[in-house]
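# Residue-level structural notes
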Amino acid sequence: MLNLPHHRAVSRLLLLLLFLAAGGGCQTWDLTSQRLDEAQPPSEESFGAARAAVRRDALSWWSQAPETAQREPLPESALPLQRDPDPRVRAEFALAAARSGHPQAVSLVLAMLEDQDLQVRMAALTALGNLPDEHPQQERVEAALAARLQEQAGHGEKLRAAAASALARQGRWATVKPALDDPSWRVRLALAQELPRSEPGPEAFEFADRLMADQHPAVQRQVIDSVAAWPLSDAAPLWIAALASDVYQTRLAAHSQLSNRWAPAAQFPFDAKSAVERETALQSLQARWEQHADQLATAPVEENPTDNPARIATVSHARPLPPPVAPQTVAKVRQLMRTMHGPAADVRQKRDWSLQLANAGPDLLPALEELHRKEQLPVPEFVFREELPPHNQ
């Protein structure tokens, strides 16, 4: 019989050893992190290096550069990596070409949408979504992404989710609107994950409202967390609506977000078993919020809101940052994600990975979201099955 406590302890020890080993340069990410902090780009010889990890690291100087960093377009000597034998290098190339602003980036990346490897196609979709809104070939890009919303064969669900995410990231709400009715909750989840990037407006409100009423609780929860990036005056009505949900976890999440930003919401009995009691309390809360919203609309802007504690709750949180995840947790999850994209693993290996991911606790999902948002790391299918709660579509 498997001794689970002992197995978990061993898993934690192995994970710690992996993390410590990364400090010695054993993991490609750490090499990349060091390179991103350097002023000089990698040598052109690295594009032809024998080791795939070196070629990939060279490309990451562009693909994983901070948004504020200035980068010259990829050199011509890097272009053959579009057809590199290693799919991880090709995936990195798609992201690097788009991030660097290479004049042929759109043509290069569009061609990679037909790559035989799923990881490469996913990276190409992400790369297209990262292009600036004012790109001269934006119409061509939008048409290609819209076509992928119809993917069905093979890994169609993943490709549709990536295309929906890319379109939403660019604010192409009208084009991506059909994804609201996608039969896969993961596609709808991808839309919800992009809401923090959007400016509150009629189209974003419509998407948030539709997704808040989604049949899958994971989508509902994501909307609740995503709109926390919006001003309180825009997010509160959505959270109040979520308090009417029959799903306990949805009410709990909405109550937590709203009461953290607006004190009167703390008194709402989100855990009351009686629907009548919750409905009565919600009507009272709604009336109080409408009064508060009117006061916010007419309140003068203060020179220094920190002088007034009552204003801190509504001013200092106008655009809160997502709750930070410990860098150590992100680093551990990143290492595991990169390891999982190696050769096919057996059941025992997947079980070990699942145990190590479980050690991240409640920080696992935020860490995965951060890695997807900043580094476009694809998540293996078995992680969706093992780490997210099962639910009928």
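Here is what the cut-offs are and how they apply
- Residues numbered from 1 in each chain as written.
- Predicted model: local features only at pLDDT ≥ 70, side-chain atom pairs only at ≥ 80, totals over all residues.
- Heavy atoms only, no water.
- pLDDT = per-residue confidence, 0-100.
- Contact = heavy atoms within 4.5 Å.
- Helix = DSSP H or I, 4+ residues; strand = E, 2+ residues; numbered from the N terminus.
- Buried < 20%, exposed > 50% of the residue type's maximum accessible area, 1.4 Å probe, protein only.
- Core = buried A, V, L, I, M, F, W, Y, C linked by side-chain atoms within 4.5 Å.
- Salt bridge = Lys/Arg side-chain N within 4 Å of Asp/Glu carboxyl O.
- Arc of directions from axis to C-beta.
- Phe/Tyr/Trp six-rings, centres within 6.5 Å; stacked < 30°, edge-to-face > 60°.
- Axes fitted to C-alpha atoms, helices over the stretch in contact; angles between N-to-C directions.
- Parallel < 35°, antiparallel > 145°, perpendicular 65-115°, else oblique.
- Nonpolar A, V, L, I, M, F, W, Y, C, P; charged D, E, K, R; others polar.

### Considering the confidence of the model for the protein chain
Per-residue confidence for the protein chain gives a mean pLDDT of 79; residues scoring 70 or more make up 75%. The model gives residues 4-38 a pLDDT under 50, and that stretch makes 46 contacts with residues more than four places away or in other chains. Note on residues 301-322: pLDDT is under 50 here. Beyond four places in sequence and across chains, it has 29 contacts.

### Structural notes on the environment of Asp 133
Take Asp 133: it is sitting in the loop between helix H6 (118-129) and helix H7 (138-148). Residue class for Asp 133 comes out partly exposed when judged on its relative accessible area of 43%. Separated by 37 residues in the primary sequence, Asp 133 and Gln 170 place their C-alpha atoms 6.2 Å from one another. In contact with Asp 133, not counting residues within four places along its chain, are Gln 138, Gln 170 and Arg 172.

### Focus on the nonpolar core
One finds Phe 93, Val 176, Leu 191, Leu 195, Val 227, Trp 239 and Leu 258 to be the most contacted residues of the largest nonpolar core, which totals 87 residues. Excluding anything up to four places from it in sequence, Trp 239 contacts Ile 224, Val 227, Ala 228, Leu 232, Ala 254, Gln 257, Leu 258 and Arg 261. Residues Met 337, Trp 353, Leu 357 and Ala 360 belong to the second largest nonpolar core, which totals 12 residues.

### A few points about the pattern of salt bridges
One pass over the full model with this rule turns up 15 salt bridges. Ionic pairing is found between Asp 115 and Arg 90, a salt bridge with its closest N-O pair at 2.8 Å. Residue Asp 115 is located in the loop between helix H5 (105-112) and H6, and its partner Arg 90 is located in helix H4 (residues 87-100); the two are separated by 25 residues in the primary sequence. Here the two residues Asp 115 and Arg 90 agree in accessibility, since each one is buried. Members of the salt-bridge network, linked through shared partners, are Glu 114, Arg 148 and Glu 151.

### With respect to H7
Turn by turn, an α-helix covers 3.6 residues, leaving residues three or four places apart pointing in a common direction. Among the residues making up H7, those that are buried are Gln 138, Val 141, Glu 142, Ala 144, Leu 145 and Arg 148. For H7, the angular spread of buried residues about the axis comes to 165°, placing them on one side. Buried residues belonging to H7 abut H5, H6, helix H8 (156-169) and helix H9 (173-176).

### Focus: the side chain of Glu 194
Of note, Glu 194 is situated in the loop between helix H10 (185-193) and helix H11 (202-212). The buried category is assigned to Glu 194, whose relative accessible area is 3%. Contacts of Glu 194, omitting those with residues within four sequence positions, involve Ser 165, Ala 168 and Arg 169.

### Topic: the packing of aromatic side chains
Enumeration over the complete set of coordinates arrives at 6 aromatic pairs. Here the aromatic rings of Phe 47 and Trp 62 are separated by 6.1 Å at their centres, their planes lie at 35°, and the arrangement is tilted. Of this pair, Phe 47 sits in the loop between helix H2 (28-36) and helix H3 (52-63) while Trp 62 sits in helix H3; the two residues are 15 residues apart in sequence, bridging distant segments of the chain. This pair shows no difference in class: Phe 47 is buried, exactly as Trp 62 is. On the numbers, 6.1 Å between centres and 35° between planes, the contact of Tyr 248 with Phe 270 is tilted. Of this pair, Tyr 248 sits in helix H14 (residues 248-261) while Phe 270 sits in the loop between H14 and helix H15 (275-298), and the two are 22 residues apart along the sequence. Residue classification places Phe 270 among the buried residues on the basis of a relative accessible area of 14%. Through a chain of ring-to-ring contacts, three or more aromatic side chains come together here, namely Phe 47, Trp 61 and Trp 62.

### A closer look at the side chain of Asp 86
Inspection of the secondary structure puts Asp 86 in the loop between H3 and H4. With sequence-adjacent residues up to four places away left out, Asp 86 is seen in contact with Ala 52 and Arg 55.

### Focus: the packing of helix H13 (residues 232-242) against H15
Think of two packed helices as two axes; the pair is described by the angle between the axes and how far apart they sit. Packing of H13 against H15 brings their axes to within 11 Å, and their N-to-C directions diverge by 170°. Regarding the angle of H13 to H15, the classification is roughly antiparallel. Of the residues in H15, those touching H13 at Leu 232, Ser 233, Ala 236, Pro 237 and Ile 240 are Leu 282, Gln 286 and Trp 289. Tallied by class, residues from the contact of H13 with H15 come to 6 nonpolar, 2 polar and no charged.

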